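# Secondary and tertiary structure notes
Each chain, written out:
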Amino acid sequence: MGYRFGPVVVGVDGSADSVGALRWAADEACRNNRELIVVHAIDPAVPADDVPPGSADLAGRAADEAVRWRPGVCATGVTATGAPAEVLRRYTRQARLVVVASHGCGNNMAHPLGSVCDELCVEAECPVLAVHAARRWADPFTVLPQEGPVVAGYDGSDSAGRALGLAFEEAAGRGQRLVVIQVWQHPGLWLHGRHHEEGRHHGPDLSSDECAVHQALVAAAEPWRERHPLVEMELRSEPGDPVEALILASQWATLMVLGTSCRADPFEPPSHSVLHRVLRGMACPALIAHGTVREHVAPEPRAAHPAAA
């Protein structure tokens, strides 16, 4: 129940990136009419001399700033002791959403994701919004993107179904178009040399495979379309590399919704490599659909009513 009625939680550490993430979190809390909890974690493993002055009141000041940006938001600052990733992970048990910048004070650009973002993208119990290059949104006069569509990646798995449901909810709440992309791999795509040897000067005919994939995608989206009939939806199914296709789509999307395996998916593979490969090259914020299948389960198709006698 935490997902439906819980607060929006954002982690701050005083960096420009965390300020950008705070702006996204304030916008989410305002649009969804949820409380905003601003959390600053003081890691006991960090020497006291390395703790910036004013850290004890950092969360409170950030909460006040969020209220100035979004006057209708109820914001609370919380300072906690513990490793930042672990502190925020505890909040995911009852939060609607946890927002983090892809990099914080560490800002080691040699690594595509900061340690806190990296851990939460794998281990969380509610959706996680990872705001990439978040410092570009730190200026309160910078307008958050509102024009591009919400894009969801889909591959037929339970986690992708959870992402699909969350993407419909986001598109409906934002009043934006939804684009669902399913990119599938086919071994024939990489056999062009053999085709030339056989006297064929074109690639394999994948029309039947593409039709089957598209029909399955339509079937998966239909229950959600019935629940959100006002959402303008576009379905795309194409052969290729899913990682490359999603990274390209992030260039024109407002938000990318991605699934990841979690404890609620006992038959999902444990690897998160595809998710991390996409996150490394993302150009827009990524919403990771953590949670349970039950929270984002597709509604049952409507039963047909028998004709009147």
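So, here's what we can say about the structure. (Residues numbered from 1 in each chain as written. Predicted model: local features only at pLDDT ≥ 70, side-chain atom pairs only at ≥ 80, totals over all residues. Heavy atoms only, no water.)

### Examining the pairing of strand 7 (residues 178-184)
For strand 7, a buried count of 7 out of 7 residues is recorded, marking the element as mostly surrounded by other parts of the structure. Burial along strand 7 is two-sided: Leu 178, Val 180, Gln 182 and Trp 184 facing one way and Val 179, Ile 181 and Val 183 facing the other are all buried. The pairing of strand 6 (residues 150-153) with strand 7 spans 4 bridges and is parallel. Of the residues in strand 7, the one forming a bridge with Val 150 is Leu 178. (Buried < 20%, exposed > 50% of the residue type's maximum accessible area, 1.4 Å probe, protein only. Helix = DSSP H or I, 4+ residues; strand = E, 2+ residues; numbered from the N terminus. Pairing = 2+ DSSP bridges.)

### Some details on the sheet that holds strand 3 (residues 75-81)
Spatial ordering of the open sheet is given by 3-2-1-4-5-10-9-6-7-8, a layout of 10 strands whose pairing is mixed. A single partner strand is all that each edge strand has here, and the edge strands are strand 3 and strand 8 (233-239). The mean inter-strand angle of the sheet, taken between neighbouring strand axes irrespective of direction, is 25°. Strands strand 2 (36-42) and strand 3 of the sheet are contacted by helix 3 (residues 58-69), whose axis makes an angle of about 160° with strand 3. (Axes fitted to C-alpha atoms, helices over the stretch in contact; angles between N-to-C directions. Contact = heavy atoms within 4.5 Å.)

### Overview of the packing of aromatic side chains
Scanning the model with the defined rule gives 1 aromatic pair in all. Note on Trp 24 and Trp 137: the rings are 6.0 Å apart at their centroids and 75° apart in plane angle, and the pair reads as edge-to-face. Placement of Trp 24 in helix 2 (residues 16-32) and of Trp 137 in the loop between strand 5 (128-131) and strand 6 is noted, with a sequence separation of 113 residues between them. Each member of the pair, Trp 24 together with Trp 137, is buried. The aromatic ring of Trp 69 is capped on one face by Arg 23, whose charged end is 5.9 Å from the ring centroid. (Phe/Tyr/Trp six-rings, centres within 6.5 Å; stacked < 30°, edge-to-face > 60°. Lys NZ or Arg CZ within 6 Å of the ring centre and 35° of its normal.)

### Looking at helix 9 (residues 242-249)
Within the span of helix 9, buried status applies to Val 243, Ala 245, Leu 246 and Ala 249. Within helix 9, the buried residues cover an arc of 165° as seen down the axis, which keeps them to one side. Turned more than 90 degrees from where helix 9 packs its buried face, Glu 244 and Leu 248 sit exposed. With a side-chain oxygen lying 3.2 Å from the backbone nitrogen of Val 243, the N-terminal cap of helix 9 falls on Asp 241. (Arc of directions from axis to C-beta. Polar contact = N/O pair within 3.5 Å; in protein donor to acceptor, adjacent residues only side chain to side chain.)

### Remarks on the pattern of salt bridges
A side chain with one charge may pair with a side chain of the opposite charge, provided their charged atoms come close. As enumerated under the stated definition, the model contains 15 salt bridges in all. One salt bridge in this structure joins Arg 61 and Asp 57, with 3.9 Å as the shortest N-O distance. The residue Arg 68 makes a salt bridge to Glu 65 at a minimum N-O spacing of 2.3 Å. Placement of both Arg 68 and Glu 65 in helix 3 is noted, with a separation of 3 residues, approximately one turn of the helix. (Salt bridge = Lys/Arg side-chain N within 4 Å of Asp/Glu carboxyl O.)

### As for the environment of Arg 162
The residue Arg 162 is located in helix 6 (residues 158-174) in this model. As for Arg 162 and Val 257, which are separated by 95 residues in sequence, their C-alpha atoms are 9.7 Å apart.

Structural measurements only, silent on function.
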